[in-house]
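Below, each chain spelled out in residue letters.
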Amino acid sequence: MKENLIIFNAHIVTPLGSSARKGEEMSQLHHIEKGTIEITNGLITYVGPSRNNEKSGFRWGYYWYDAQGRCVLPGFVDSHTHFVFGGERSEEFSRRLKGESYMSIMENGGGIAATVKATRDCSFEQLRTRAATFLKKMTVMGITTVEGKSGYGLDRETELLQLKVMKSLNNDERKQVDVVSTFLGAHALPQEYVGRSDEYIDFLINEMLPIIRKENLAECCDVFCEKGVFSIEQSRKLLQAAKEQGLLLKLHADEIVSLGGAELAAELGALSADHLLQASDEGIRRMAETGVVATLLPLTAFALKEPYARGKEMIQAGCAVALATDLNPGSCFSGSIPLTIALACIYMQLSVEEAITALTLNGAAALNRADSIGSIEVGKKGDLVILPSDKYTILPYYVGMNCVDVTVKEGMLYINN
Ligand code: NIG
Ligand code: FE
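These notes cover the structure that comes with them. Just so you know, these numbers come straight off a predicted model, no measurement behind them. (Residues numbered from 1 in each chain as written. Chains lettered and ligands numbered in written order. Predicted model: local features only at pLDDT ≥ 70, side-chain atom pairs only at ≥ 80, totals over all residues. Heavy atoms only, no water.)

1. Here's the deal with the overall build of the protein chain
Here comes step 1: Scanning the protein chain from terminus to terminus reveals 15 helices and 16 strands.
Here comes step 2: For the protein chain, the C-alpha radius of gyration of 21 Å lies close to 22 Å, the compact-globule estimate for 417 residues.
Here comes step 3: Viewed in the frame of its principal axes, the protein chain has a C-alpha envelope of about 70 × 45 × 45 Å.
Here comes step 4: When the 417 residues of the protein chain are sorted by exposure, 59% land in the buried category.
Here comes step 5: Excluding contacts between residues fewer than 6 apart, the proportion of contacts in the protein chain whose partners are at least 24 apart in sequence is 72%.
Here comes step 6: Of note, the protein chain has its 42 positive side-chain charges centred 4 Å away from the centre of its 52 negative side-chain charges. (Helix = DSSP H or I, 4+ residues; strand = E, 2+ residues; numbered from the N terminus. Rg over C-alpha atoms; globule rule 2.2 N^0.38 Å. Buried < 20%, exposed > 50% of the residue type's maximum accessible area, 1.4 Å probe, protein only. Contact = heavy atoms within 4.5 Å. Lys, Arg positive; Asp, Glu negative; His and termini not counted. Charge placed at Lys NZ, Arg CZ, Asp CG, Glu CD.)

Right, dumping it as structure tokens:
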């Protein structure tokens, strides 16, 4: 719903620009102490110091909201999730607590394969209802745009079903979150193709990509480029074909083994390389040089008890870093924005300012949307979060606790508590 709204008496804090902020630019936030934001038909039409007519508090057709000096930031962009799936894997989590590794569970038929089985058993309605409950939780934490991936079907019908669920959620007139869809058919090798992974890649290229393109079911194509999953060569082949079909590229890169995924992302001009726990120095240098957004997912490192990605070093090397949750039923069953921020600041040494840019403008850039969301500027969507304080430094301080009072989606106010 696109609304008319005037928020006044706000401490406006935002990165500026219509592309990813790299390196030192990530800590440069623009402030307006006593500011006003005017949103008309869902889009920002004024940002600046309070104007004279604010004193009268009336303008025909606009809802007025007094922020009482509290901090207003751009809406959060969660640019990497897997929120459409069936089943759950809490028993696998218990096995990992006892020492089994994520990859050994996957190699023995569990992990992603378990969710594939559960997802194939779901109807469109079942998947949609479940996914919608995640979207509701996201709004409360200030997420106004989310990316979601397929990858739990690994067959024609179920991959398309996941993408159609996301399309239907995004087409909902009353939606509170925009959904950007990514095709992740190369998430794992399905049972039916064991020992024939090259053939599976060919199936994705020849049979899946054309339908996805024709039915406009995804904007991006992703691949789990990992030792024992899909190789650099297979990933390159699939992503090149996806690019030829007009899809934008993303990679699950260098998560468990340093395979050269970051370098491949740079070579192919991908929007982002994600995870990067094991990214090499050369990979970091290449991402900085080519402007590939380094999307870091600290909740996954936390849940897998793996060392965190070298966030601060990446920023110092000149990368544009984004933060996202990676919400999924296996490696990271959490979509917690507050904990993502806290972990990024505590363990990856990001400053609060860098974390804000990473979750807003750089997240938007990782979805090719930096020209329309991710900052509070005229012409962009009226997507905002309002904190309970005039200080944005409360964000990592609220460790794992939500501190978003109000979420604004295209001018519509949602009061969270
Ligand atoms: O981003 N690493 C691969 N894919 C997901 C996990 C998927 C799962 O375990 O179900 C990730 O961590
Ligand atoms: Fe992921």
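2. Re the sheet that holds strand β6 (residues 76-78)
Here comes step 1: An order of β6-β7-β8-β9-β10-β11-β12-β13 is seen for the eight strands of this open sheet, with the pairing classed as parallel. At either end of the open sheet lies a strand with only one pairing partner, and these are β6 and β13 (321-323). Averaged over all neighbouring strand pairs, the angle between strand axes comes to 25 degrees, with direction disregarded.
Here comes step 2: Here strand β7 (residues 143-149) pairs with strand β8 (residues 178-186) via five bridges, running parallel. Following the sheet pairing, Val146 is matched in β8 by Val179.
Here comes step 3: Across the sheet, helix α6 (residues 197-214) lies against β8 and β9 (220-225), angled at about 150 degrees from β8, the strand it touches most. (Pairing = 2+ DSSP bridges. Axes fitted to C-alpha atoms, helices over the stretch in contact; angles between N-to-C directions.)

3. Some points on the site of ligand 1
Here comes step 1: As a matter of local geometry, ligand 1 sits amid 15 residues, with Arg89, Tyr102, Tyr152, Glu255 and Ser331 nearest to it.
Here comes step 2: One of the side-chain nitrogen or oxygen atoms of His82 is found 3.3 Å away from an oxygen atom of ligand 1.
Here comes step 3: In the model, a nitrogen atom of ligand 1 is placed 2.8 Å from a nitrogen or oxygen of the His187 side chain.
Here comes step 4: About the coverage of ligand 1: the protein hides 100% of its 330 Å² of free accessible area.
Here comes step 5: Judged by the fraction of its atoms near the pocket grid, ligand 1 is located in the largest cavity.
Here comes step 6: By residue class, the composition of the shell around ligand 1 is four nonpolar, eight polar and three charged. (Near = heavy atom within 4 Å. Polar contact = N/O pair within 3.5 Å; in protein donor to acceptor, adjacent residues only side chain to side chain. Areas by Shrake-Rupley, 256 points an atom, 1.4 Å probe, with all protein chains shown as cover. 1 Å grid on protein atoms, 1.4 Å probe; cavity = no way out; pocket = protein on both sides within 12 Å on 5 of 7 lines; lining within 4 Å. Sits in = over half its atoms within 2 Å of the grid points. Nonpolar A, V, L, I, M, F, W, Y, C, P; charged D, E, K, R; others polar.)

4. Considering the side chain of Ser235
Here comes step 1: Its place among the elements puts Ser235 in helix α7 (residues 232-244).
Here comes step 2: Taking relative accessible area as the criterion, Ser235 reaches 0% and is therefore assigned buried.
Here comes step 3: With residues up to four places along the chain from it excluded, the contact list for Ser235 reads Val223, Cys225, Phe230 and Leu264.

5. Regarding empty space enclosed by the protein
Here comes step 1: In total, this model carries three cavities of 30 Å³ or more according to the counting rule given.
Here comes step 2: Put simply, the largest cavity is a space of about 120 Å³.
Here comes step 3: Along its surface, the largest cavity is lined by 14 residues, and His82, Tyr102, His187, Asn328 and Ser331 are the ones closest to its centre.
Here comes step 4: In terms of residue class, the lining of the largest cavity is built from four nonpolar, seven polar and three charged. (Points joined across faces, edges and corners; volume = space filled by probe spheres on them.)

6. Points about the coordination of the iron ion (ligand 2)
Here comes step 1: Summarising the metal site, the iron ion (ligand 2) is bound by the protein donors His80 (NE2), His82 (NE2), His252 (NE2) and Asp326 (OD), whose distances to it range over 2.0 to 2.4 Å.
Here comes step 2: Here the donor residues for the iron ion (ligand 2) map to a single chain with the spacing H-x1-H-x169-H-x73-D. In this pair, His80 is assigned in the loop between β6 and α1 (90-97) and Asp326 in the loop between β13 and α12 (337-347), connecting sequence segments 246 residues apart.
Here comes step 3: Judged by relative accessible area, which is 1%, Asp326 ranks as buried. (Donors = N, O, S within 2.8 Å, 3.2 Å for Na, K, Ca; no water.)

7. Points about the nonpolar core
Here comes step 1: In this structure, Leu73, Phe83, Leu276 and Met314 are the most contacted members of the largest nonpolar core, which totals 109 residues.
Here comes step 2: Per-element accounting of this core gives the leading share, nine residues, to α6.
Here comes step 3: Among the domains, domain 1 (5-73 + 375-415) and domain 2 (76-365) are the pair contributing at least three residues each to this core.
Here comes step 4: Not counting the four nearest positions on each side in its chain, Met314 is found in contact with Leu276, Ala279, Ile284, Ala294, Leu296, Ala309, Cys319 and Val321. (Core = buried A, V, L, I, M, F, W, Y, C linked by side-chain atoms within 4.5 Å. Domains from an automatic or database assignment.)

8. Some words on the side chain of Gln162
Here comes step 1: Within the secondary structure, Gln162 is located in helix α5 (residues 156-171).
Here comes step 2: Exposure remark for Gln162: the relative accessible area of 0% places this residue in the buried category.
Here comes step 3: Within the structure, the side chain of Gln162 is placed 3.0 Å from the backbone nitrogen of Gly151, a separation counted as a polar contact.
Here comes step 4: Excluding its chain neighbours within four sequence positions, the residues that come into contact with Gln162 are Val84, Thr119, Lys149, Ser150, Gly151, Tyr152 and Gly153.

It is worth stressing that arrangement in space is one thing and function is another; only the former is reported here.
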